[in-house]
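A closer look at the structure
Residues per chain are reported as follows:
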Amino acid sequence: MKVPTARFLALPLAALIGLAATAAAIGDTGLGAGADTPLCPAGHLPHKGGDWSEAKSCVVSSQTSNANSTAGAQHNSSNGTSPLENLPPCGGDARQGRGGCLPQRNDLSEQDFRRVEAVTQPTTDFSKAEQFEAMSGGATTTIAPIDRKVFQQFSANLPFEDEQNFKLGKALFEKLWVSAPSSTQASDGLGPLYNARACESCHLRDGRGRPPEAGDATSTVYRLARAPRDEAERRMIDVHQVLNFPDPVYGAQLQDSAVPGLGAEGRLKVTYTEEAVPLSEGGTASLRKPEYAVADLGYGPLDPATTLSPRVAPPMIGLGLIEMIHEADLLARADPDDRDGDGISGQAALVRDRDRNATALGRFGWKAQNPTIRQQSADAFATDIGISTPALGRTHGDCTEAQDACLKLPTGVQARLGPVEAPDPVLGLVTFYSANLAVPARRKAGFPETLKGKQLFYEAGCPACHTPKYVTRRDAPHKELAFQLIWPHSDFLLHDMGEGLADGQQVGVASGREWRTPPLWGIGLTKTVSGHTFLLHDGRARNATEAILWHGGEAEEARNAFAAMSTDDRNALLSFLESL
């Protein structure tokens with residue numbers, strides 16, 4: 001990640017926006033291997049600078065002391081056994097993952113690797129909270145008051161000199177862009193077709209978006225794409241050159257807003273039908289099944305092959321920590337051929353990292369289509385707002401060659417600032433802000449009802465996809481994100497979620513039935529921050545119960561286990577989710 005160096009921070013915001021700033025990468029933070037006594041990963045408590053001045057001894061309980069199986073690769077069953085234990089060892093530095101032999105983490109000493117392996121073992125003791133479990137983001141965790149602004153806090157261990165970067169990034173995240181030409185030249189270039197005027201419009205208070213309601217679809221977008229038509233197009237997807245193919249007229253996304261003088265592309269329509277689902281003890285739940293359509297199309301019909309996929313804006317917390325999970329830990333959980341026979345496959349979303357022009361592991365977006373926060377942010381600037389950046393120079397946003405009137409409109413590009421509408425360091429600051437939004441501390445992690453729900457969560461098999469914990473890279477470029485024990489409850493892999501949640505849209509290696517496992521941290525604060533409890537990729541679920549009951553495919557067994565629980569047990573599991 002690159003951010004402006006300190007010498008630019010004394011400049012006014014307008015100057016920052018108009019300046020092609022020199023960026024400097026922050027160097028390695030290597031904290032050293034430590035002594036023979038096991039040391040905890042850096043800063044489990046919110047402490048400025050990311051680590052205590054002296055390393056603290058880490059008491060590794062007996063439940064995590066057995067490090068026979070690979071860190072992050074084991075199946076999280078309630079009995080703590082691993083289906084990999086009896087497999088033959090891999091040669092050299094490789095280790096057993098669920099899908100076969102994989103490279104080992106290259107950022108750790110052997111001693112560190114053993115420590116990480118021990119601390120990330122699945123628990124078998126549900127009588128008390130695990131050590132540091134309440135600090136979901138390690139030392140970055142915020143202990144700010146639980147209110148509607150709790151997702152807007154910066155990492156608790158963020159160095160003081162970086163707080164201004166964070167605040168500048170926040171200002172740009174909330175900035176309202178206007179159409180060109182404008183007297184406010186630092187803010188023009190909107191659209192011409194767009195879905196929102198600011199990042200904050202969709203990610204209100206950095207929280208979760210909601211489905212369309214009363215004609216307002218601000219925090220929901222409609223992705224448009226078709227599958228490959230021939231071998232040449234299939235090859236483009238296979239080599240990660242493209243994710244899919246946009247509609248020839250409407251592009252990759254339906255824009256429901258436009259600058260003055262230009263018509264919007266259309267609007268999203270959704271209707272619901274209620275479907276009753278039986279639960280144990282004679283109970284029932286009602287799921288609302290959505291039907292999606294487009295109305296008031298402004299540029300003719302959609303291509304018959306175009307598929308439609310609604311996506312609500314996900315919460316923004318913990319993104320920098322997710323980016324710093326080592327690839328080896330995520331790949332170790334991939335098992336596309338279900339080699340371990342547990343019914344859970346999971347495949348890695350290999351995508352193109354445009355900055356490096358190389359294949360990388362996708363982590364961000366509902367189908368894990370982006371490998372970095374920077375690329376995810378650049379895509380949102382270009383497609384959602386219509387603003388070009390150094391990472392994606394589409395000055396007319398998502399306008400296509402068939403939309404001649406759109407392409408003829410002026411852009412916000414100014415020769416004195418460079419070839420894009422948001423020159424450096426705008427994207428770097430927004431990326432820095434997004435990477436340092438802190439995860440709030442857990443509530444009631446040690447309460448008996450929460451612990452009972454946690455055990456039921458494990459027994460139902462939920463951790464097979466919702467992997468509880470990781471230790472981030474020791475060589476993270478920003479010390480505050482390095483070597484943190486974190487609890488996102490996700491494997492960040494693609495899983496077949498069944499026909500009920502299928503959108504029929506291929507995105508890279510992800511099929512129309514596959515979705516990335518979303519992290520669960522902060523899920524219990526959705527209503528506090530966002531004012532609603534809608535969940536899943538399109539917000540169809542009105543609460544956590546409905547979200548679980550929509551699970552199918554690889555997750556159907558866990559879903560059925562939840563439905564078969566007694567009412568008290570289901571409520572306990574929901575209490576555990578509320579504590580996250």
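Whatever comes next refers back to the structure up there.
Residues numbered from 1 in each chain as written. Predicted model: local features only at pLDDT ≥ 70, side-chain atom pairs only at ≥ 80, totals over all residues. Heavy atoms only, no water.

What to know about the overall build of the protein chain
- Of regular secondary structure, the protein chain possesses 15 helices and 17 strands.
- Looking at the protein chain as a whole, 57% of its 580 residues are labelled buried.
- Across the protein chain, every contact between residues at least 6 apart in sequence was considered, and the portion connecting residues at least 24 apart equals 70%. (Helix = DSSP H or I, 4+ residues; strand = E, 2+ residues; numbered from the N terminus. Buried < 20%, exposed > 50% of the residue type's maximum accessible area, 1.4 Å probe, protein only. Contact = heavy atoms within 4.5 Å.)

A closer look at the state of the cysteines
- Inspection of every chain in the model, using the stated rule, returns one disulfide.
- Across the disulfide from C399 sits C406; the S-S distance is 1.6 Å.
- Residue classification places C399 among the buried positions, given a relative accessible area of 14%.
- Relative accessible area serves as the criterion here: at 1%, C406 is assigned to the buried category.
- The cysteine C199 is free of any disulfide, with C202 supplying the nearest cysteine sulfur at 8.3 Å.
- In this model C462 remains outside any disulfide bridge; the closest cysteine sulfur is found in C465, 8.8 Å from its own. (Disulfide = S-S within 2.5 Å.)

Quick notes on the pattern of salt bridges
- The final tally for this structure, using the stated rule, is 31 salt bridges.
- A salt bridge links D329 to R105; the shortest N-O distance between them is 2.9 Å. Within this pair, whereas D329 is found in helix α7 (residues 327–331), its partner R105 is found in the loop between β4 (100–103) and α2 (110–119), the two being separated by 224 residues in sequence.
- Judged by relative accessible area, D329 falls into the buried class, the value being 3%.
- Accessibility expressed as a relative area gives 4% for R105, which makes it buried.
- With a closest N to O distance of 2.7 Å, R374 and D355 form a salt bridge. Note that R374 is positioned in helix α8 (residues 373–385) and D355 in the loop between β12 (350–353) and β13 (358–361), a separation of 19 residues in sequence.
- The partly exposed category is assigned to D355, whose relative accessible area is 42%.
- Members of the salt-bridge network, linked through shared partners, are E130, E133, R442, K454 and K469. (Salt bridge = Lys/Arg side-chain N within 4 Å of Asp/Glu carboxyl O.)

Observations concerning the nonpolar core
- In this structure, W177, F381, I385 and W521 are the most contacted members of the largest nonpolar core, which totals 57 residues.
- Looking at this core, the elements with two or more residues in it are α3 (163–174), β5 (193–194), α6 (319–323), α8 and α10 (426–435).
- Among the elements that line this core, the one with the most residues is α10, at seven residues.
- The contacts of W177, once residues within four sequence positions are left out, are A186, S187, D188, L190, R197, F381, I385, I387, E421 and A422. (Core = buried A, V, L, I, M, F, W, Y, C linked by side-chain atoms within 4.5 Å.)

Overview of the sheet that holds strand β11 (residues 307–312)
- Here we have three strands laid out as an open sheet, ordered β7-β6-β11, and antiparallel in their pairing. Taken across any chain shown, the strands that pair with only one partner, and hence form the sheet edges, are β7 (253–254) and β11.
- Pairing geometry for strand β6 (residues 220–225) and β7, over two bridges, is antiparallel. Counterpart to R223 in the pairing with β7 is Q253. (Pairing = 2+ DSSP bridges.)

Describing the side chain of S155
- Relative to the helices and strands, S155 resides in the loop between α2 and α3.
- What makes S155 buried here is its relative accessible area of 2%.
- Those residues within four positions of S155 in sequence are excluded, and the remaining contacts are T140, N436 and A438.

Observations regarding α8
- Taking 1.5 Å per residue as the helical rise, α8 with its 13 residues ought to reach 18 Å, and the 17 Å between its terminal C-alpha atoms agrees with that figure.
- Within the sequence span of α8, burial applies to I373, Q375, S377, A378, F381, A382, T383, D384 and I385.
- A positive backbone phi angle near 85° is found at G386, which sits one or two residues after α8. (Expected span 1.5 Å × (residues − 1).)

Brief notes about the packing of α3 against α10
- Packing of α3 against α10 leaves a shortest axis separation of 7 Å and a crossing angle of 105°. Between α3 and α10, the angle is such that the two are roughly perpendicular. Residues N165, F166, L168, G169, K170, L172 and F173 of α3 lie in contact with α10, whose contacting residues are V426, L429, V430, F432, Y433 and S434.
- Residue composition of the contact of α3 with α10, by class: nine nonpolar, three polar and one charged. (Axes fitted to C-alpha atoms, helices over the stretch in contact; angles between N-to-C directions. Parallel < 35°, antiparallel > 145°, perpendicular 65-115°, else oblique. Nonpolar A, V, L, I, M, F, W, Y, C, P; charged D, E, K, R; others polar.)

Regarding the pairing of strand β10 (residues 284–295)
- Two strands pair when backbone bridges link them, and strand β9 (residues 267–278) and β10 are joined in this way by twelve bridges, in the antiparallel orientation. Each residue of the ladder has a partner; that of P278, found in β10, is T284.
- Following β9, the chain reverses through five residues before pairing antiparallel with β10; E281 in that reversal takes a positive phi of roughly 60°.

Regarding helix α15 (residues 567–579)
- With 13 residues, α15 should cover 18 Å at 1.5 Å per step; its first-to-last C-alpha distance of 18 Å lies within 8% of that length.
- For α15, the complete set of buried residues consists of R570, A572, L573, L574, F576, L577 and S579.

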